[in-house]
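# Architecture and fold: a report
The primary structure of each chain is shown beneath.
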Amino acid sequence: KRLSVQLLSPVTERVPRSDSKVTVVGVGQVGMACAFSLLSQNVTSDLALVDMVEDKLKGEMMDLQHGSTFLKNATVTASTDYAATAGSRICIVTAGARQKEGESRLELVQRNTDIFRAIIPQLVRHSPDTILLVVSNPVDVLTYVAWKLSGLPHHRVIGSGTNLDSSRFRFLLSQRLGLAPTSVHGWIIGEHGDTSGEDECHTLVVPVWSGVNVAGVRLRDIDPDIGSAADHEKWSEVHHQVVSSAYEIIRLKGYTSWAIGLSVSALCQSIIRNSHDVSAVSTLVRGHHGLDGEVFLSLPCILGGGGVEQIVRLRLTEEETDRLRQSAGTMAKVQEGLRL
Ligand SMILES: COc1ncc(-c2ccc3c(Nc4cccc(C(=O)O)c4)c(C(N)=O)cnc3c2)c(OC)n1
């Protein structure tokens, strides 16, 4: 008899898969930073990698598998066949085309939409109850595209949005205050400006200065001009550094990966552990802040097992609301021009 049969006496059949299985589509720098963060933070014990290029897939899978003894025996699988994603609790989409020389943002979005058309229906076919977490840029429009192509309810289609912008914002504020980033609270909402080399997208992300606080003490109550041009300490530079730091990282190392991977892992942890904590993610904003289009923008959302379970009703200034409305308008136009 086979050694394993002599070694192990059967008691009951194996369960096919865990209920915290996570799929990562796209094994580029961002996809693998997500994969590594999920595994090293024990968010999932069952990770599937899918992409188009077999060798890279197999190499990344083997390299992670060899770390299993350090990763609480997590299972890592990889395939070009989307059947390998079956039963995923969450599907993270990092796949996307690179902007070509002289390619417009709209042309890039159409190419990524074509790619999504090949990916999203397959994910949903194998995991009809999944939650889609879109990371590919431009993330807000592509989260809309994923929602339309998936047929899933909008609360189960989430974009990483300004989650990373908000953590950069809090880090930079904490540097100025000499405090821990987790003790400085601040939210960046609106449209995530992708670093597609165009003019630095200061207009897109909206820092909610009225909400920046330490232990509930609002910086705006101390300095009403904070974040505005009148502010002599130029705190508005923090907002501009949030956007320019992404360009700076791309200039220095060619791409960004570690922070987005960690932020995606944190979002997955909120969903899988049903923790109902609040994160800035891209969600359907129809019906909020006077917005009525089928547009995805980042707002503070309560994430749980069902995906986006509630949205925090922010008290925004007229100017903040206007900037959301502007973003919603330009995105609705881009979306009208797309062939889904
Ligand atoms: C069955 O038809 C079909 N099948 C697969 C694809 C497709 C195309 C591009 C894909 C893709 N991106 C990709 C692949 C090849 C080139 C490019 C590019 O930047 O031009 C981008 C990725 C990824 N990891 O970024 C992952 N999956 C893809 C899948 C596709 O795209 C239209 N169509």
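Residues numbered from 1 in each chain as written. Predicted model: local features only at pLDDT ≥ 70, side-chain atom pairs only at ≥ 80, totals over all residues. Heavy atoms only, no water.

### As for the overall build of the chain
- Helix and strand counts for the chain stand at 10 helices and 13 strands.
- Compactness check: the chain gives a C-alpha radius of gyration of 21 Å against a globular reference of 20 Å for 340 residues, within 12% of the reference.
- In terms of overall dimensions, the chain has C-alpha extents of about 80 × 45 × 40 Å along its principal axes.
- Looking at the chain as a whole, 49% of its 340 residues qualify as buried.
- A separation threshold of at least 6 residues defines the contact pool for the chain, and within that pool the share at least 24 residues apart is 71%.
- Taken as a whole, the chain presents about 16,500 Å² of accessible surface, with 53% of it coming from carbon and sulfur.
- Both charge centroids of the chain, one from 33 positive and one from 37 negative side chains, sit 7 Å from each other. (Helix = DSSP H or I, 4+ residues; strand = E, 2+ residues; numbered from the N terminus. Rg over C-alpha atoms; globule rule 2.2 N^0.38 Å. Buried < 20%, exposed > 50% of the residue type's maximum accessible area, 1.4 Å probe, protein only. Contact = heavy atoms within 4.5 Å. Areas by Shrake-Rupley, 256 points an atom, 1.4 Å probe, with all protein chains shown as cover. Lys, Arg positive; Asp, Glu negative; His and termini not counted. Charge placed at Lys NZ, Arg CZ, Asp CG, Glu CD.)

### Remarks on a nonpolar patch on the surface
- Residues Leu-3, Leu-7 and Leu-8 make up a contiguous nonpolar surface patch of about 360 Å² in total accessible area.
- Here Leu-8 lies in the loop between helix 1 (3-7) and strand 1 (22-25). (Patch = residues over 30% accessible without salt bridge, like charges linked within 9 Å, V, L, I, M, F, W, Y side chains within 5 Å. Salt bridge = Lys/Arg side-chain N within 4 Å of Asp/Glu carboxyl O.)

### Observations regarding the environment of Met-61
- Checked against the element boundaries, Met-61 lands in helix 3 (residues 54-65).
- In sequence terms Met-61 and Pro-207 are 146 residues apart; their C-alpha atoms lie 39 Å from each other.
- Ignoring sequence-local partners within four residues, the contact set of Met-61 consists of Leu-49, Val-76, Thr-77 and Ala-78.

### So, the packing of helix 5 (residues 139-150) against helix 10 (residues 318-336)
- For the pair helix 5 and helix 10, the least separation of the axes is 10 Å and the interaxial angle reads 50°. The angle between helix 5 and helix 10 falls in the class oblique. Judged by the sense of rotation from one axis to the other, the crossing of helix 5 with helix 10 is right-handed. Contacts between helix 5 and helix 10 involve Asp-140, Val-141 and Tyr-144 from the first element and Met-331, Val-334 and Gln-335 from the second. (Axes fitted to C-alpha atoms, helices over the stretch in contact; angles between N-to-C directions. Parallel < 35°, antiparallel > 145°, perpendicular 65-115°, else oblique. Left-handed = near helix turned anticlockwise from the far one by under 90°.)

### Thoughts on the site of the ligand
- Every residue close to the ligand is listed here: Gly-26, Asp-51, Met-52, Ala-95, Gly-96, Ala-97, Arg-98, Arg-111, Asp-114, Ile-115, Ala-118 and Ile-119.
- Within the side chain of Asp-51, one N or O atom sits 3.0 Å away from a nitrogen atom of the ligand.
- A distance of 3.0 Å separates an oxygen atom of the ligand from a polar atom in the side chain of Arg-111.
- Here the ligand, which alone exposes 660 Å², has 53% of that area covered by the protein.
- For the shell around the ligand, the per-class residue count stands at six nonpolar, two polar and four charged. (Near = heavy atom within 4 Å. Polar contact = N/O pair within 3.5 Å; in protein donor to acceptor, adjacent residues only side chain to side chain. Nonpolar A, V, L, I, M, F, W, Y, C, P; charged D, E, K, R; others polar.)

### Focus on helix 9 (residues 258-272)
- The end-to-end C-alpha distance of helix 9 is 21 Å, a good match for the 21 Å that 15 residues give at a rise of 1.5 Å each.
- Within two residues after helix 9, Asn-274 carries a phi angle of roughly 50°, on the positive side. (Expected span 1.5 Å × (residues − 1).)

### Things to note about the packing of aromatic side chains
- One pass over the full model with this rule turns up three aromatic pairs.
- For the ring pair Tyr-144 and Trp-147, a centre distance of 6.3 Å and an interplane angle of 65° mean the geometry is edge-to-face. Residue Tyr-144 and its partner Trp-147 are both found in helix 5; the two are separated by three residues, about one turn of the helix.
- For Trp-147, a relative accessible area of 11% corresponds to the buried category.
- Geometrically, the ring pair formed by Phe-169 and Trp-209 is edge-to-face, given 5.2 Å between the ring centres and 80° between the ring planes. A residue pair is termed long-range when its members are at least 10 positions apart, and Phe-169 in helix 6 (residues 163-177) and Trp-209 in the loop between strand 8 (205-207) and strand 9 (213-214) qualify at 40 residues. Comparing Phe-169 with Trp-209 shows no difference in burial state: the two are buried.
- One cation-aromatic arrangement involves Arg-176 over Trp-235; the distance from NZ or CZ to the ring centre is 5.0 Å. (Phe/Tyr/Trp six-rings, centres within 6.5 Å; stacked < 30°, edge-to-face > 60°. Lys NZ or Arg CZ within 6 Å of the ring centre and 35° of its normal.)

Bear in mind that shape data such as this cannot, by itself, settle questions of function.
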